[in-house]
Amino acid sequence: MDKQKYTSSFDYDKWIHDELPRYMKIRVSGEVVQVKDSEDKGTVIQIVSNELGSGYGEPITVFIPNGYLSRVIVEGDKLDLYGKTYGVKQYSSGDSVVMRPFMIAYFYERDK
């Protein structure tokens, strides 16, 4: 995999408003705050971005297909994730709807 083809320069505000191009190759760094198994044969994690600039401290939802899970991910892990943008994901939380930028990651590295 050529990591140089994945950009870490993106506008979080455009992403959360679903204005980023779909399938854009992207690299996101952040800390895992939630890990859930998905019914779609993978794992869904919530991260908080630690990228300086646009989106610092903001939440992002990431789906990692089972075939791309190389090791266990737990809350508190700091990861660099490589994948593609897929717009936004909506969740119900009580009486409100929460929207998060959404990506599918096909490769990740844990910061040590």
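Parameters and conventions
Starting from 1, residues in each chain are numbered consecutively following that chain's sequence as written. A pLDDT threshold of at least 70 governs which residues receive local features in this predicted model, and a stricter bar of 80 or more applies before side-chain atom pairs are shown or counted, although totals over entire chains, interfaces and linings include all residues. Processing note: side-chain calculations cover all non-hydrogen atoms of the structure and skip hydrogens and water entirely. The rule is simple: take the accessible area with a 1.4 Å probe, protein chains only, and divide by the maximum for that residue type; under 20% is buried, over 50% is exposed, in between is partly exposed. Elements are defined by DSSP. Helices are runs of H or I of four residues or more, strands are runs of E of two residues or more, and each kind is numbered from the N terminus. Should DSSP find at least two bridges between two strands, the strands are regarded as paired. Any Phe, Tyr or Trp ring, taking Trp's six-membered ring, that has another such ring centre within 6.5 Å forms a pair; planes under 30 degrees apart are called stacked, those over 60 apart edge-to-face, and the others tilted. Cation placement over rings: the criterion is NZ of Lys or CZ of Arg within 6 Å of the ring centroid and within 35° of the ring normal.

Trainee: Explanation requested: the pairing of strand β3 (residues 59-65) in the structure shown.
Mentor: Where a strand is regular, its side chains alternate between the two sheet faces. Counting buried positions along β3 yields six of seven residues, so the element is predominantly enclosed. Pairing between strand β2 (residues 42-49) and β3: seven bridges, direction antiparallel. Within β3, the position partnered with Ile47 by the bridge is Ile60. Bridge count for β3 against strand β5 (residues 96-110) is three bridges, and the pairing is parallel. When the bridges of β5 are listed, Thr61 appears paired with Phe102.

Trainee: What exactly am I supposed to notice about the pairing of strand β4 (residues 78-93) here?
Mentor: Bridging between strand β1 (residues 25-38) and β4 involves seven bridges; their strand directions are antiparallel. Pairing of Gly30 across the sheet is with Leu79, part of β4. Bridge analysis of β4 against β5 gives 13 bridges, and the strand direction is antiparallel. Its bridge partner being in β5, Tyr91 is matched across the sheet by Val98. Between the end of β4 and the start of β5, which pair antiparallel, lie two residues, with Gly94 showing a positive phi angle near 65°.

Trainee: Even after reading the chapter, I still don't get the packing of aromatic side chains, so can you show me in this structure?
Mentor: Two aromatic rings, taken as a pair, are described by how far apart their centres are and by the angle between their planes. In total, this model carries five aromatic pairs according to the counting rule given. Aromatic pair Phe10 and Trp15: ring centres 5.4 Å apart, planes at 85°, arrangement edge-to-face. With 5.1 Å between their ring centres and 75° between their planes, Tyr68 and Tyr106 make a pair best called edge-to-face. Of this pair, Tyr68 sits in the loop between β3 and β4 while Tyr106 sits in strand β5, and the two are 38 residues apart along the sequence. Residue class for Tyr68 comes out partly exposed when judged on its relative accessible area of 40%. Given the relative accessible area of 28%, Tyr106 is considered partly exposed. Every member of this aromatic cluster is reached through a ring pair, and the members are Tyr6, Tyr82 and Phe107. Geometry around Phe102 places Lys89 over its ring, the cationic atom sitting 5.3 Å from the centre.

Trainee: Help me out: how do you make sense of unusual backbone geometry in this one?
Mentor: Glycine aside, negative phi is the norm for most residues, and most peptide bonds take the trans geometry. Located in the positive-phi region is Asp18, a residue other than glycine, with phi close to 60°. In this structure, Asp18 sits in the loop between α1 (12-16) and β1. Backbone geometry at Lys41 places phi at a positive 60°, although glycine is not the residue there. Inspection of the secondary structure assignment puts Lys41 in the loop between β1 and β2. Taking relative accessible area as the criterion, Lys41 reaches 67% and is therefore assigned exposed.

Note that all results are geometric; they support no functional claim without further evidence.
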